[in-house]
Amino acid sequence: LGDVELVTLVWQLVLAGQTPTNLIANAVEALLAHPDRLAALRADPGLAPRAVEELIRWCGPQLLAIPRFATQDVELAGANRDPRAFGDPETLDVTRTGSAAHLGFAHGPHFCLGASFARVQTQVALTALLRRAPGLAIAPDAVKRVSNGGCRQLTSLAVVL
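Let me begin by describing the structure that accompanies this report. (Residues numbered from 1 in each chain as written. Predicted model: local features only at pLDDT ≥ 70, side-chain atom pairs only at ≥ 80, totals over all residues. Heavy atoms only, no water.)

Some words on the overall build of the protein chain
So, step 1. In terms of helices and strands, the protein chain carries four helices and two strands.
So, step 2. Listing every helix and strand of the protein chain by position from the N terminus yields α-α-α-α-β-β.
So, step 3. Its C-alpha atoms put the protein chain at 50 × 35 × 30 Å along the principal axes.
So, step 4. For the protein chain, long-range pairs separated by at least 24 residues make up 68% of all intrachain contacts whose partners lie at least 6 apart in sequence.
So, step 5. Summing over all exposed atoms, the protein chain offers an accessible surface of approximately 9,900 Å²; the carbon and sulfur share of this is 61%.
So, step 6. Taking the average location of the 14 positive side-chain charges in the protein chain and that of its 14 negative ones, the two points are 7 Å from each other. (Helix = DSSP H or I, 4+ residues; strand = E, 2+ residues; numbered from the N terminus. Contact = heavy atoms within 4.5 Å. Areas by Shrake-Rupley, 256 points an atom, 1.4 Å probe, with all protein chains shown as cover. Lys, Arg positive; Asp, Glu negative; His and termini not counted. Charge placed at Lys NZ, Arg CZ, Asp CG, Glu CD.)

In structure tokens, the structure reads:
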């Protein structure tokens, strides 16, 4: 491998490690902001795989993946919020079925190789957190975000146990 390939490989590994971390933090924030969805997931931990897919769609960390350039004017219809692909797309629904069509890990030849790993990490983390901290709640003025155009990322999320 040349220098460019080695730098690209290392950079991809660094970014890949951030995806599950940011996804888990974003998912916890989203669930705490939607107590009825949180209660549904606590009541039925079997919803975890569906909930993770929905959370990837709803608050996945990757905002900007690979730059793409359109050869003509196009309208993307909100991608992960496209009403043609998702019924009631502006609603977080941890019981949603068929949400695997989201673009949270890109698509086609650019699909994230670590997607399965990130899904499992998020499912395990959320399930364990909800089981171990049944009174978990968001603290007032608790959410702080990084100003980052390419990633939805928290710098802190204060919670009450």
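Things to note about the packing of aromatic side chains
So, step 1. By the definition in use, this model includes one aromatic pair.
So, step 2. A ring pair is formed by Phe-105 and Phe-111, whose centres lie 6.5 Å apart and whose planes are at 75 degrees; its orientation type is edge-to-face.
So, step 3. The exposure class of Phe-105 is buried, given its relative accessible area of 7%.
So, step 4. In this arrangement the basic side chain of Arg-57 is found over the ring face of Phe-86, its NZ or CZ atom lying 5.0 Å from the centre.
So, step 5. The residue whose ring lies beneath Arg-81 is Trp-58, and the NZ or CZ to ring-centre distance is 4.1 Å. (Phe/Tyr/Trp six-rings, centres within 6.5 Å; stacked < 30°, edge-to-face > 60°. Buried < 20%, exposed > 50% of the residue type's maximum accessible area, 1.4 Å probe, protein only. Lys NZ or Arg CZ within 6 Å of the ring centre and 35° of its normal.)

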